[in-house]
Each structure stands twice: as structure tokens, then as C-alpha cells.
Amino acid sequence: MLGMARRAGRLVSGEFAVEKAVKTGTAFLVVVASDASENTKKSFQNMCAYYGVPCRIGAEKELLGHAVGQGMRASLAVTDENFARTIEKCMNENTDGGSENGE
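Here's a quick rundown of the structure. Fair warning: this is a prediction, and the values are worked out from it, not measured in the lab.

1. Here we look at the environment of Ser-37
Reasoning step 1: When you line up the elements, Ser-37 lands in the loop between strand E2 (29–32) and helix H3 (38–51).
Reasoning step 2: Once the C-alpha coordinates of Ser-37 and Ala-74 are considered, the two residues, 37 residues apart in sequence, prove to be 8.8 Å apart.

Pasting the structure below:
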């Protein structure tokens with residue numbers, strides 16, 4: 001689904017692009033790599049909590065990058081509400097509940 005969102009132009013990646021999407025209200029879901037630094041994870045979790053955007057800890061950087069057809073990615077933002085809802089639902093099913101905003 002992440003790859004489809006990217007091909008549809010509904011996904012941004014990279015720290016600055018994701019931060020901009022969250023702060024401008026265009027992000028509906030943020031995914032942070034599980035092997036990102038603790039500072040990066042905490043920063044995105046706090047920012048997303050403040051702006052009311054779901055933030056999920058996903059796969060490793062390499063797998064996230066591969067899923068979107070790029071190199072290693074520490075953070076992604078889905079900018080389409082329907083894609084975000086579907087991706088979050090898939091993540092919840094794959095992790096037996098998952099966590100929102102790192103909780």
C-alpha cells in the first residue's frame with residue numbers, strides 16, 4: 001500500500017518533508033522506521049501528538065524504503081486520508097493491535 005500511495009503522489013518521505021506535511025495539516029499518517037534513532041522517533045511522536053496525526057513505528061529503514069521504491073527511509077507521511085486509513089488498518093492487523101502515537 002505504501003508503494004501505491006507513493007505512485008499516486010500521496011506519500012512524502014524524509015525528515016523535512018514529513019515535518020512540513022504534519023505542520024501544514026496535509027499528513028494523515030506518519031510512519032517512522034523501527035531502527036530510526038530514539039531522538040527521531042520521540043520527535044515525530046511528540047509532533048504528531050501535538051498536531052493530532054497518527055504516528056506509527058513501522059519496519060526498518062531499508063524495508064520502508066524498499067516498500068516505496070526508494071533507498072532507506074526513516075520517516076514517511078501519507079497525505080491521503082483513505083490511503084492512511086487503509087495502511088493503518090493493515091499495520092494494526094499485522095501487529096495485533098499496534099500502537100498510535102507510540103503508546
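Don't stop here, the text continues.
2. Structural notes on the side chain of Lys-41
Reasoning step 1: Its place among the elements puts Lys-41 in helix H3.
Reasoning step 2: Among the polar contacts made by the side chain of Lys-41, one reaches the side chain of Glu-38 at a distance of 3.2 Å.
Reasoning step 3: Setting aside residues up to four positions removed in sequence, Lys-41 forms contacts with Val-32, Ala-33, Ser-34, Ala-36 and Ile-57.

3. Observations concerning the sheet that holds strand E3 (residues 55–57)
Reasoning step 1: A sheet is described by the order of its strands in space; here four strands give the open sequence E1-E4-E2-E3, paired in mixed fashion. Among the strands making up the open sheet, the edge pair consists of strand E1 (11–13) and E3. The sheet shows a mean angle of 20° between the axes of neighbouring strands, taken without regard to direction.
Reasoning step 2: Note: E2 against E3, three bridges, orientation parallel. Paired with Val-31 across the bridge in E3 is Arg-56.

4. Some points on the packing of aromatic side chains
Reasoning step 1: For the coordinates displayed, the defined rule picks out one aromatic pair.
Reasoning step 2: Here the aromatic rings of Tyr-50 and Tyr-51 are separated by 5.0 Å at their centres, their planes lie at 80°, and the arrangement is edge-to-face.

5. Focus: the pairing of strand E4 (residues 75–78)
Reasoning step 1: Neither face of E4 is open: one carries Ser-75 and Ala-77, the other Leu-76 and Val-78, and all of them are buried.
Reasoning step 2: Here E1 runs beside E4; their pairing, made up of three bridges, is antiparallel. Its bridge partner being in E4, Ser-13 is matched across the sheet by Leu-76.

Reading the values: the criteria
Residues numbered from 1 in each chain as written. Predicted model: local features only at pLDDT ≥ 70, side-chain atom pairs only at ≥ 80, totals over all residues. Heavy atoms only, no water. Helix = DSSP H or I, 4+ residues; strand = E, 2+ residues; numbered from the N terminus. Polar contact = N/O pair within 3.5 Å; in protein donor to acceptor, adjacent residues only side chain to side chain. Contact = heavy atoms within 4.5 Å. Pairing = 2+ DSSP bridges. Axes fitted to C-alpha atoms, helices over the stretch in contact; angles between N-to-C directions. Phe/Tyr/Trp six-rings, centres within 6.5 Å; stacked < 30°, edge-to-face > 60°. Buried < 20%, exposed > 50% of the residue type's maximum accessible area, 1.4 Å probe, protein only.

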